[in-house]
Amino acid sequence: MAELEFFEKVAARAGVSADTAGSLTEATLRTLGERISGGQAADLADHVAHELRPLLSRARTEEPETFGPEEFLRRVAERAGQAPEVAERGVRAVLQTLHRVVGHRKFEGALAQLPREIGALAQPVPREP
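This text gives an overview of the structure that appears in the document.

Calculation criteria
Residues numbered from 1 in each chain as written. Predicted model: local features only at pLDDT ≥ 70, side-chain atom pairs only at ≥ 80, totals over all residues. Heavy atoms only, no water. Helix = DSSP H or I, 4+ residues; strand = E, 2+ residues; numbered from the N terminus. Rg over C-alpha atoms; globule rule 2.2 N^0.38 Å. Buried < 20%, exposed > 50% of the residue type's maximum accessible area, 1.4 Å probe, protein only. Areas by Shrake-Rupley, 256 points an atom, 1.4 Å probe, with all protein chains shown as cover. Core = buried A, V, L, I, M, F, W, Y, C linked by side-chain atoms within 4.5 Å. Contact = heavy atoms within 4.5 Å. Phe/Tyr/Trp six-rings, centres within 6.5 Å; stacked < 30°, edge-to-face > 60°. Lys NZ or Arg CZ within 6 Å of the ring centre and 35° of its normal. Expected span 1.5 Å × (residues − 1).

Looking at the overall build of the protein
Check the secondary structure of the protein and you find eight helices and zero strands. Starting at the N terminus and walking to the C terminus, you meet the elements of the protein as α-α-α-α-α-α-α-α. Its C-alpha atoms give the protein a radius of gyration of 13 Å, near enough to 14 Å, the size a compact globule of 129 residues would have. Along the three orthogonal principal directions, the C-alpha set of the protein runs to about 45 × 30 × 30 Å. Within the protein, buried positions represent 48% of all 129 residues. Entry remark: accessible area of the protein is about 6900 Å², with carbon and sulfur atoms responsible for 49%.

Below you can see the structure in the form of structure tokens.
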């Protein structure tokens, strides 16, 4: 999936502009890349647009940082320059889009390295009738 198409999917899912979706995508992928192993990040990077790969890629030997969902969302909000509630919608949208791009097995492998609360952000929010 091309970078622009990825941003469009994130924008539609998060209810934000394409520019905001771009900054949320970059912030989320960079933060995800810090939180999972270098090998797992490289596996995910192999399936995203070339422009997005550097956000996930890092040295395979680097150990992932350990932080919880609050810090994950704080980092995304700060990097994207967005309010916490917009950052949370963005993280949800990016993770859901990433799931579709990389496939279930690879995505679940990455989620297995995350706290359950971060993984829960990848689940669609039920819509009110």
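Past the structure itself, the notes keep going.
What about the nonpolar core?
Core analysis: the largest hydrophobic core is formed by 42 residues, its most contacted members being Leu32, Leu44, Leu52 and Leu98. Contributing elements (two or more residues each) for this core: helix 1 (3–14), helix 2 (18–35), helix 3 (38–45), helix 4 (53–56), helix 5 (69–80), helix 6 (84–102) and helix 7 (104–111). The leading source of residues in this core is helix 6, at nine residues. In this structure Leu52 touches Glu3, Phe6, Phe7, Thr25 and Leu29, once residues within four positions along its chain are discounted.

Examining the packing of aromatic side chains
This model, assessed by the stated rule, comprises one aromatic pair. With a centroid separation of 6.3 Å and 40° between ring planes, the pair formed by Phe67 and Phe72 is classed as tilted. Using a relative accessible area of 0% as the deciding quantity, one classes Phe72 as buried. Positioned above the aromatic ring of Phe67 is the side chain of Arg35, whose terminal nitrogen or guanidinium carbon lies 5.7 Å from the ring centre.

A closer look at helix 5
With twelve residues, helix 5 ought to run about 16 Å at 1.5 Å a step, and its terminal C-alpha atoms sit 16 Å apart, in line with that. The set of residues buried in helix 5 consists of Pro69, Phe72, Leu73, Arg75, Val76, Ala77 and Ala80. Those residues of helix 5 hidden inside the fold are in contact with helix 2, helix 6 and helix 8 (116–120). Positive phi shows up at Gly81, right after helix 5, with a value of about 65°.

Comments concerning the side chain of Thr25
Within the secondary structure layout, Thr25 lies in helix 2. Contacts of Thr25, omitting those with residues within four sequence positions, involve Phe6, Phe7, Val10, Leu52 and Val94.

Examining the environment of Gly109
Inspection of the secondary structure puts Gly109 in helix 7. Among the residues examined, Gly109 registers a relative accessible area of 26% and is labelled partly exposed. Sequence spacing of Gly109 and Ile36 is 73 residues, and the spatial spacing of their C-alpha atoms is 9.8 Å.

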